[in-house]
Structure formats: C-alpha cells, structure tokens
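Structural characterization, general
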Amino acid sequence: MNTSTDHQIVVLGAGYTGLIATARLARYTRRLNTRITLVNPSSRFTERLRMHQVAAGQELTDYQIPVLLKGTGVRFRQAAATAIDTADRVVTLDNGARLHYDTLVYALGSATDTSIVPGTADHAWTLNDPRLAHRLSRRLPEIAATGGAVTVCGGGLTGIEAAAEIAEAHPALTVNLVCATEPGSMMGEKARAHLNRVLGRLGVVRMVGVKVTKVLPDAVRLDTGELVPSDLILWTSGVRVPRLAAQAGIATDEKGLIITDPTLRSVSHPEIHAIGDAALVRQAWGQVHGTCQSGVVTADYTAAVIARLLRGKPVKPLRFGYFHQPVSLGRKDAVIQFTNADDTPKRWYLKGKAAVVYKEQVSSTPPVAAKMSRYVKMPVQLSKGGRVTRKAA
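This text gives an overview of the structure that appears in the document. Quick caveat, the model's predicted, so the values are computed rather than measured.

1. Things to note about the sheet that holds strand β15 (residues 232–235)
Taken together, the 4 strands give an open sheet; going across it, the order is β11-β10-β9-β15, and neighbouring strands pair in parallel fashion. Only two strands of the sheet have a single neighbouring strand rather than two, namely β11 (205–208) and β15. Geometrically, the sheet is characterised by an average inter-axis angle of 20 degrees between neighbouring strands, direction not taken into account. Both strand β9 (residues 149–153) and strand β10 (residues 174–179) contribute to a ladder of 5 bridges, which runs parallel. In the strand pairing of β10, C153 is matched with V178. Packing of helix α5 (residues 130–145) onto the sheet brings it into contact with β9 and β15, and relative to β15 it is tilted by some 140 degrees. Sheet contacts for helix α6 (residues 157–169): β9, β10 and β15; angle to β10, the most-contacted strand, approximately 170 degrees.

2. What about the packing of aromatic side chains?
Applying the stated rule across the entire model yields 5 aromatic pairs. Geometrically, the ring pair formed by F320 and Y322 is edge-to-face, given 4.8 Å between the ring centres and 80 degrees between the ring planes. Look at F338 and Y358: their rings are 5.7 Å apart centre to centre, the planes differ by 85 degrees, and that puts the pair in the edge-to-face class. Placement of the pair is F338 in strand β23 (residues 334–339) and Y358 in helix α10 (residues 352–372), with a sequence separation of 20 residues. For Y358, a relative accessible area of 21% puts it in the partly exposed group.

Cut-offs and rules
Residues numbered from 1 in each chain as written. Predicted model: local features only at pLDDT ≥ 70, side-chain atom pairs only at ≥ 80, totals over all residues. Heavy atoms only, no water. Pairing = 2+ DSSP bridges. Helix = DSSP H or I, 4+ residues; strand = E, 2+ residues; numbered from the N terminus. Axes fitted to C-alpha atoms, helices over the stretch in contact; angles between N-to-C directions. Contact = heavy atoms within 4.5 Å. Phe/Tyr/Trp six-rings, centres within 6.5 Å; stacked < 30°, edge-to-face > 60°. Buried < 20%, exposed > 50% of the residue type's maximum accessible area, 1.4 Å probe, protein only.

If you want it as structure tokens, here you go:
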C-alpha cells in the first residue's frame, strides 16, 4: 500500500526514450509533489545507435545513468521489471522489490528478433546487448587473421552500418551483406548510389533480393538454395518487443506494442504512457516506426503531457514527422537522406565528411540532452510533420 503523498511516477527502461523522458519529467515537474523512479537492468547507458562501432572494436564513452541524472532528484533502481499489476498499480522487479506507481511510463524498447528464421537464436550474433557486441569485437580479429568471412543478415540501416564498420576496421575479412531489397532502398536514388559506392569501396559483398531460410553454425542458407560459408553471422533483421505489457492485460497489438491514444496514453489504462519502440503510435500520415528520432520526441512529449495533466491543464495530440535518415558508413563516410514527414525521401541529401559530422552530432545528442535537461531544455524534435499533422490535430 502506498502511504506517500507524492505522485509516484515510475519509468521502465533507460534507453534513449526512457532516459530523455525521465530527465524531462524531472525538469517539468520540479515544482510539483512528484517522486520519479527510473528502472533499468544496467547502470550504464547503452548507445544503441553506436553498437556497430562497439562490434568493430571501438570504445564508447561510459555514460553512467545515475551520473547523467545527478541533481534531478530521480531515484535509480538497477533491476528489470518482471510483472505489472495494473489493478494495484505495482511493478515487480527481478530482485523482489515492488514499486507503486500513480503514473507509469513504459519505455522498454525493442530488440532484434531471432525467432523467425530457424537456427538464428542458436548460431547468430546480434547487437542487442553491448556485452555481446564487445565479445563479437574480440572475435573479429581472430577471423580476420585467417582471412575468414562474416555475413551480416539484414539490409536495413543497422545491417548497412554494421557491414561498413566491420569492413573498414578489418579489411582482411570478407564481409557479406544479405538483404531482401537493395541496401538503402528507403533512400532517394542519389543517396542510395553513394551508399552503394562506399560499400563497394569497402569491399562489402552484397547479396540482394534473397532471404535467409536457415542459419547454420558455419553458414547461412538462402532461399535460392545457396549456402554462404561464414565464420561469424550477425543478425540485424526483424524487431520484437517485450511481452510484459500483454501479460499484464494492457491493450496491445499482435506484436505486443501498447495501443495508444493521440496523447500516447494506453487506450485500456490511461495512467500508463507508452513511448518509443514499445508503443503503437499513429499520425495522420501513418504509423510511426521505431527509431531514436521518433523515440526521443515521444519521450519529451510524454514528459510534458504528464506535467500538464498533474497541473490540470489540457493536452494536445502528438504531432510528429520524420526529418532525416542518417547512416554512418564507417568512420570516414556517411550519408544523410532528408525526408518527408512519412519518412519517404526528399531530393536533398548529404554525403562525405559533412555527413560524418552531421551523423556524429545526431548520435551524441541524446545523453547530452538528458544531462543538460537539469539546466536547459535542449530541443530533440526536428519536425512536427507540417500541414498533414496540423490538419489532423
């Protein structure tokens, strides 16, 4: 039973969305009677945007979550949530602790799905966990020393970045990139052409228009019947979200995403706000797909919504539109495709050294924005979607 007079806000997950939401909540509610608790299995902030760099052997800044939130009054609990009791509004943690909430922010994110293709969970590596990425980075020089091969499965942005990073860091490796569609298919023709030129220069072998049907210990089988010998297989295709929300009886879609209203509150439990990859968010132009770009916007928006609700003020629906598709191509090149609100490509793009600087700025902003939220509100939204979302609102 909760005996505190403070309004208890619990945030589950300290990825990009959870961290930004927590930092902004601390800022927006500092004059209110609130108590904010952030729950995350690790005390170190994981820069998911840079996991391909870790896999290639690079060391990242050690951002400790309690340090980033120092001085905000936020309580940090290093644990994982195992159950949500929506009737009593209690979250159970894996250490046995139970946290009462008046408001819950669900920001548990997503991970690469290894359940679809047989053999993936047993034989493929992923970039889901930084510890696994570090182990992968130690394995690559051993394979390179024998002139071996690495196969990256998935032609999305994660697969492209990983293939380029590994090929640049270990030129003695044969790096295969297996993808159902052309790499960069979501981009405009010129940006896509630059991306493919760089992959070619780095020696990445692209296998386009094929799918992996089985992952073996030392190869992948394609839908053409061909076997691609591989000393290491990196899986970057498909997305899954935790089942915690569905198990708690919170309304979700078939994938487990929490179904939200236009203000990102659960349609079945309005005291629960869902953000980032674990939320089903719709705009006038369509459904928002999980990216850091959209996630940090939903985080800042939700923090502001909670503060306004606590003050008894009305809230406006979320307005969001995509602005860009930043892709690193190793440490020396990159390409930035600027987009319409629905993430379709515009004519404009950036490449080369200017794109490298741009991408680095994008990747480095979230932890800095969280830390600086104590002093100033750093903007995290580049576009509200223009006329299409204005009309809908």
